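Here's the letter readout for the chains.
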Amino acid sequence: EPNDPYLEERIFELRELARTAGVTVVGEIVQKKPSPDPRYVIGKGKLLEVMVLALRNRANLLIFDRELTPSQVRAITESTDLRVIDRTQLILDIFAQRAKSKEGKIQVEIAQLKYTLPRLRAKDDAFSRLTGGIGGRGPGETKLEIDKRRIKDRIAKLERELEKISQERDIKRKRRKKLAFKTVALIGYTNAGKTTLFNTLAKSQYLAEDKLFATLDPVTKAIRTPNNQVFLITDTVGFIRNLPEDLKKAFRATLEELYSADLLLHIVDISNPDFESQIETVNQILEEMELLHYPLLMVFNKIDLLPPSEFQLIKALSHRYKAIPVSAKRGDNLDLLLTKIEEILFKTPLEYLTDKV
Ligand code: GDP
Ligand code: MG
């Protein structure tokens, strides 16, 4: 768009997504044109710029922020000799890398197949280049040869499997509830530091090692608070702005755990100048998922990256958002964070009342 007010943010986000997917970004090119070239999307001059940039940096991948048609991908691929993908494929690729549970993997495959289906054309040998994202993870080479009917069958089969898993999960969740362990889920924008915090806690003296917890799935750990209370903590995939409609289910599958959480820990990268709009994005998604009424604690992460001149500001902001400032990487302030979590999870209403007296 010629006058996109969110241009900067979109470039930043696409760059972040690419980084999350494991891509090294060597440069970006913006085209401000009222109507895109139907064949190449971008003009001839820009196409040349792209090729020069790619050659200079030995790049082999070209990511578009907009959706592309198969013929556009083919045309651009042929004239630039670059692998061409769009934002949706990039996100699908991240989900494919991150989906750890069986359920998450199935949801991602369904999303990939649904992305593929309308793009599938008879005897389209360029097709293999259109799927699978960066690492070629995707429905898989063999599946590329199957026709639409079989893709549809596959989707139906996966959906049935999902239903079964979902029922099994309910049972597991109930069992977990019976053990009476409180659960905390890490949420937040991509790159906020959720996984880092999860790993730091799991490697620290706070990890509760017990046979009882041996059966937890890999993204869940049992953590001990300074006063020896135990709760479970779960890592999740990050939140992404403007998620294509077809991807929302896959995204939510990785977030199903949220509904059984006793507390949502909203991790914010406070060193990111864009952090307020990222908080807004997360809140919007929470609203869409009907999670706004859940107990939530905000965590301002990456305080180690802040210059001393901003300390006062962050202090004021922490106060305003009732947030706990931490450094997940260095382990700063984790005691305070865990004490706060403990207070929220384990204090009975009576204790709150007597506190006030
Ligand atoms: P996630 O997408 O929310 O899971 O974020 P990650 O945990 O993958 O972290 C994203 C990036 O931020 C990684 O490069 C981390 O090393 C970095 N990071 C996370 N926490 C901190 C922190 O407290 N300080 C600094 N300086 N970097 C951090
Ligand atoms: Mg993560």
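Residues numbered from 1 in each chain as written. Chains lettered and ligands numbered in written order. Predicted model: local features only at pLDDT ≥ 70, side-chain atom pairs only at ≥ 80, totals over all residues. Heavy atoms only, no water.

K.L.:
An account of the overall build of the protein chain is requested, with residue identities and associated values reported.
P.N.:
Scanning the protein chain from terminus to terminus reveals 13 helices and eight strands. Looking at the protein chain as a whole, 47% of its 357 residues qualify as buried. The contacts in the protein chain between residues at least 6 apart in sequence include a share of 69% that link residues at least 24 apart. (Helix = DSSP H or I, 4+ residues; strand = E, 2+ residues; numbered from the N terminus. Buried < 20%, exposed > 50% of the residue type's maximum accessible area, 1.4 Å probe, protein only. Contact = heavy atoms within 4.5 Å.)

K.L.:
Account for the packing of helix 1 (residues 7-20) against helix 4 (residues 87-98), naming residues and giving values.
P.N.:
Taken N-terminus to C-terminus, the directions of helix 1 and helix 4 make an angle of 35 degrees; their axes are 9 Å apart at the nearest point. Two packed elements cross with a definite hand, and for helix 1 against helix 4 that hand is left-handed. Residues Glu13, Leu14, Leu17, Ala18 and Thr20 of helix 1 lie in contact with helix 4, whose contacting residues are Arg87, Leu90, Ile91, Ile94, Gln97 and Arg98. Split into classes, the residues belonging to the contact of helix 1 with helix 4 amount to six nonpolar, two polar and three charged. (Axes fitted to C-alpha atoms, helices over the stretch in contact; angles between N-to-C directions. Left-handed = near helix turned anticlockwise from the far one by under 90°. Nonpolar A, V, L, I, M, F, W, Y, C, P; charged D, E, K, R; others polar.)

K.L.:
Report on the packing of aromatic side chains, specifying residues and quantitative values.
P.N.:
As enumerated under the stated definition, the model contains two aromatic pairs in all. For the ring pair Phe275 and Phe300, a centre distance of 6.3 Å and an interplane angle of 70 degrees mean the geometry is edge-to-face. Taken together, the residues span a long stretch of sequence, with Phe275 in helix 10 (residues 275-288) and Phe300 in strand 7 (residues 296-301) at a distance of 25 residues. On the basis of relative accessibility, which here comes to 0%, the residue Phe300 falls in the buried class. (Phe/Tyr/Trp six-rings, centres within 6.5 Å; stacked < 30°, edge-to-face > 60°.)

K.L.:
Would you mind going over the site of ligand 1 in detail, with residue names and values included?
P.N.:
Around ligand 1, the surrounding shell holds 15 residues, and the nearest of these are Asn191, Gly193, Lys194, Thr196 and Asp304. Between ligand 1 and the protein, one listed contact pairs an oxygen atom with a backbone N or O atom of Ala192 at 3.2 Å. Within the backbone of Gly193, an N or O atom sits 2.9 Å from an oxygen atom of ligand 1. Alone, ligand 1 offers 580 Å² of accessible surface; in the complex the protein occludes 82% of this. Considering every element that reaches the shell around ligand 1, the biggest residue donor is helix 8 (residues 194-203), with three residues. Within the shell around ligand 1, the residues separate by chemical class into four nonpolar, seven polar and four charged. (Near = heavy atom within 4 Å. Polar contact = N/O pair within 3.5 Å; in protein donor to acceptor, adjacent residues only side chain to side chain. Areas by Shrake-Rupley, 256 points an atom, 1.4 Å probe, with all protein chains shown as cover.)

K.L.:
Describe in detail the layout of surface pockets, supporting the description with residues and values.
P.N.:
Approximately 1,100 Å³ is the volume attributed to the second largest pocket. Per element, the largest residue contribution to the lining of the second largest pocket is six residues, and it comes from helix 1. Each residue belonging to the lining of the second largest pocket can be placed in one class, and the counts come to 22 nonpolar, five polar and ten charged. (1 Å grid on protein atoms, 1.4 Å probe; cavity = no way out; pocket = protein on both sides within 12 Å on 5 of 7 lines; lining within 4 Å. Points joined across faces, edges and corners; volume = space filled by probe spheres on them.)

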